Amino acid sequence: MATLEIKDLHAEVDTEEESKEILTGVNLTVRSGETHAFMGPNGSGKSTLAYAIAGHPKYRVTAGSVLLDGEEVLEMSVDERARAGLFLAMQYPVEVPGVSMSNFLRSAATATRGEAPQIRHWVKEVKQAMNNLDIDESFSERSVNEGFSGGEKKRHEILQLDLLKPTFAVLDETDSGLDVDALRVVSDGINRYTESGDKGVLLITHYTRILKHVRPDYVHVFVGGQVVESGGPELADELEESGYVRFTEKKEAAVQS
Amino acid sequence: MTESTLEKSGPHGLDEHSHGGTAVPQSSRGHRFTSYDVEAFEVPGGREEDWRFTPVKRLHGLHDGSAAATGSLHVEVGGDSAVRVETVGRDDQRLGTAGAPADRVAAQAWCSFTEATVVTVPKDTQTAEPITVTVHGPGKGETAYGHLQLRAEPLSESVVVLDYRGSGVIGENVELIAEDSARLSVITIHDFSDDATQVSSEHVHLGKDAVFRHFAVTLGGDLVRVNTKVTFGDRGGDADMLGVYFSDSGQHLEHRLLMDHAQPNCRSNVTYKGALQGDSARSVWIGDVLIQAAAEGTDTFELNRNLVLTEGARADSVPNLEIETGEIVGAGHASAIGRFDDEQLFYLQARGIPYDQARRLVVRGFFGEILQKIPATDVRERLEAAIDEELAAVGA
Ligand SMILES: Nc1ncnc2c1ncn2[C@@H]1O[C@H](COP(=O)(O)OP(=O)(O)OP(=O)(O)O)[C@@H](O)[C@H]1O
Ligand SMILES: [Mg+2]
């Protein structure tokens, strides 16, 4: 049983003129076996939270902590965090020209598993995983994400999730930009990942349609850089119906008082 | 930097030694003055268009006549036995046929060498393995002038590895000739020790339907300046000029290319990529393409990309295209100087790949498209290892 605890997390980013605080005190605990949906308006800081957990150098944590089974994640380098069991599926996966997908996947698997996977098993494993996600085999020889369509990039994020099997995964709008078929394929991928019951997921999304495929245990509303309300799946339906107005007003009222 | 402005192109003053005949417009960099006579060129002071990027103080007198030869280049040729290797004197009529010196150091080298090496791939011969030409510098503190000619006779097919090693101050001319319908690939590796100085002029000449592939790899040396001019003797010539360089602290690596299209229906492609790392690492890339009025149906593209790995390093990149006919297939250029991409590093690290390895992957990826094309596996592996070593040297 693993736990990811985010406590009073504050983070800022340097803009041209000033540092701007984006996370204003995030509190959240995810346990293995749980899926948490994370919803909030554009610019509320969802991606920033995801990046702060992964250790992106652009976002500076000014207070708080992120504990993985009691260990301070914030003190680890980006790659140490990944090897400790954290994974971030990015909203905009990065293109890495000249590095083939197959080389990349193998390097990542070697790093997270602590040893190079046996070549024969590995080839099979990758083939199977690609099949599951309806990814053509020709992608393995292409450069990482280079020239991939938006949907293809998202599938490849889930391919990595499937192969690296981290303890906790933050999925940042993995459902955005997917057509209905791709959405099902990707959702199935996420469900395969959580099947074993010992994985924790933080699913950032704007839409309830993915929540029909990937059932969340908890839904959180994120506004102004913090969690303003938490509930069960029914909260997502409410958001779909009436939007964030109730929460943004609540937030403003809180700031004023 | 982006495109250059057209400026006065160095020392002029046509005299009886000049080649090319007609007077040259001052604004052209493509139509370049050439001469076998040192005195036809003024001593460069460092401000001339041809020299403004070069720290002339570090030329050890190659440019002003003060560098007398104190040693010689040691040339070893190995590989296919079908190849003819000759050491010839200054009077050999074949020398100089690929092109005349276009700057003072080249003219100085032309006037100063005592013997030249001529390597010939005979007509119709296909060499089974790469021909290796290893050139050892004269040694630390010594100066040498050299002359080398590689000649691929009609319909031959060969790969040549021209490997520079050792130390010293070197001025030389290299003639690379692919005669009619020959296929010649040359991999030039400038891998001197850190104190070496090399100023080299490469004269490439292609016959009818000749296919020339050049891989220029520049890694070692305090100052390396390579001038490469490609000329076409007839229709159908096809030249790919690929280059990689890695400049670290204190190094000045300069590549100047001129694709001189004077014949119809020829093709040229130039792609050079460089990485720079460390304080005062410098690189210069000048890519001139001239499409003369007669060169209808020309297809040409040139590209230079630089990856600046650390603060304090500086890359200059100046593409220049002069077109004198509208009847061409295509002509274009692109040039970019980018910082090391933190987003790429982050992405790889976020998948557990340690920083050093992530950096290696990104830099290898950057050079990969060129290294992949090198037609000799052992050379390719050696270069990959050399680049890894360069990266590790800073111990990032
Ligand atoms: N590098 C940066 N420089 C300046 N501002 C930034 C930077 N990164 C994020 N921000 C700002 O921080 C705020 C939060 O951005 P973030 O991407 O975390 O929002 P989000 O909740 O993920 O939004 P979306 O739903 O649109 O993906 C935004 O106002 C954004 O403009
Ligand atoms: Mg976002």
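About the thresholds
Residues numbered from 1 in each chain as written. Chains lettered and ligands numbered in written order. Predicted model: local features only at pLDDT ≥ 70, side-chain atom pairs only at ≥ 80, totals over all residues. Heavy atoms only, no water. Helix = DSSP H or I, 4+ residues; strand = E, 2+ residues; numbered from the N terminus. Buried < 20%, exposed > 50% of the residue type's maximum accessible area, 1.4 Å probe, protein only. Contact = heavy atoms within 4.5 Å. Areas by Shrake-Rupley, 256 points an atom, 1.4 Å probe, with all protein chains shown as cover. Donors = N, O, S within 2.8 Å, 3.2 Å for Na, K, Ca; no water. Domains from an automatic or database assignment. Buried area = accessible area lost by both parts, 1.4 Å probe. Salt bridge = Lys/Arg side-chain N within 4 Å of Asp/Glu carboxyl O. Nonpolar A, V, L, I, M, F, W, Y, C, P; charged D, E, K, R; others polar. Core = buried A, V, L, I, M, F, W, Y, C linked by side-chain atoms within 4.5 Å. Near = heavy atom within 4 Å. Polar contact = N/O pair within 3.5 Å; in protein donor to acceptor, adjacent residues only side chain to side chain. Expected span 1.5 Å × (residues − 1). Arc of directions from axis to C-beta.

1. Examining the overall build of chain B
Inference 1: For chain B, the count of helices and strands is four helices and 18 strands.
Inference 2: Along the longest, intermediate and shortest principal axes, the C-alpha atoms of chain B span 65 × 45 × 45 Å.
Inference 3: Burial statistics for chain B: of 396 residues in total, 59% are counted as buried.
Inference 4: Contacts spanning at least 24 positions in sequence make up 84% of the contacts within chain B whose residues lie at least 6 apart.
Inference 5: For chain B, the accessible area works out to roughly 14,500 Å², and carbon and sulfur atoms hold 46% of it.

2. Section: the coordination of the magnesium ion (ligand 2)
By definition of the ideal shapes, four donors in a tetrahedron about a metal sit 109.5 degrees apart, and six donors in an octahedron sit 90 or 180 degrees apart.
Inference 1: Protein coordination at the magnesium ion (ligand 2) comes from Ser-47 of chain A (OG) and Gln-91 of chain A (OE1), with a distance range of 2.0 to 2.2 Å. Of this pair, Ser-47 of chain A sits in helix α1 (residues 46-54) while Gln-91 of chain A sits in the loop between β6 (86-89) and β7 (96-100), and the two are 44 residues apart along the sequence.

3. Some thoughts on the domain arrangement of chain B
Residues and elements named next belong to chain B.
Inference 1: Once the domains are mapped, chain B shows domain 1 (6-339) and domain 2 (343-396).
Inference 2: Computed over C-alpha atoms, the centres of domain 1 and domain 2 are 27 Å apart.
Inference 3: The interface is formed by 27 residues belonging to domain 1 together with 19 residues belonging to domain 2.
Inference 4: Carbon and sulfur atoms supply 74% of the area that domain 1 and domain 2 bury against each other, a total of about 2,000 Å² over both sides.
Inference 5: Between the two partners, domain 1 and domain 2, sit three salt bridges.
Inference 6: Between Lys-273 and Glu-369 there is a salt bridge; the shortest N-O distance is 2.7 Å.
Inference 7: Where the side of domain 1 that touches domain 2 is concerned, the elements lending two or more residues are β6 (157-165), β8 (183-191), β10 (211-220), β12 (238-248), β14 (267-277) and β16 (299-308).
Inference 8: Per element, the largest residue contribution to the side of domain 1 that touches domain 2 is six residues, and it comes from β12.
Inference 9: A breakdown of the residues in the side of domain 1 that touches domain 2 according to their chemical character gives 15 nonpolar, six polar and six charged.

4. Points about the nonpolar core
A general tendency of soluble globular proteins is for nonpolar side chains to be buried together.
Inference 1: If you look at the biggest cluster of nonpolar residues, it comprises 116 residues, and the most contacted ones within it are Leu-49, Phe-104 and Leu-171 of chain A together with Ile-187, Phe-246, Val-363 and Phe-367 of chain B.
Inference 2: With eight residues, the single largest contributor to this core is helix α3 (residues 355-371) of chain B.
Inference 3: Judged by nonpolar contacts, the second largest core, of 45 residues, contains Val-83, Ala-152, Val-230 and Trp-285 of chain B.

5. Here we look at the site of ligand 1
Residues and elements named next belong to chain A.
Inference 1: Residues in close proximity to ligand 1 total 17 residues, the closest being Gly-43, Lys-46, Ser-47, Thr-48 and His-206.
Inference 2: When ligand 1 is considered free in solution it has 640 Å² of accessible area, and contact with the protein chains removes 71% of it.
Inference 3: Residue contributions to the shell around ligand 1 peak at three residues, all from α1.
Inference 4: Taken together, the residues of the shell around ligand 1 sort by class into four nonpolar, nine polar and four charged.

6. Side note on helix α2 (residues 342-349) of chain B
All names here are of chain B.
Inference 1: Taken across its eight residues, α2 has six buried, putting it largely inside the fold.
Inference 2: Among all positions in α2, only Gln-344, Leu-345, Phe-346, Tyr-347, Leu-348 and Gln-349 are buried.
Inference 3: Near the N-terminus of α2, the side chain that reaches the backbone nitrogen of Glu-343, with its oxygen 2.8 Å away, is that of Asp-341.

7. Things to note about helix α4 (residues 119-132) of chain A
Residue and element names in this part refer to chain A.
Inference 1: In this model, α4 (14 residues) spans 20 Å end to end at C-alpha, consistent with the 20 Å of a helix rising 1.5 Å per residue.
Inference 2: Looking at α4, one finds that the buried residues are Trp-122, Val-126, Ala-129 and Met-130. The buried residues of α4 occupy one face: seen down the axis, they fall within an arc of 100 degrees. For α4, the exposed residues lying more than 90 degrees away from the buried face are Arg-120, His-121 and Lys-124.
Inference 3: Immediately downstream of α4, the backbone of Asp-134 shows phi near 55 degrees, a positive value.

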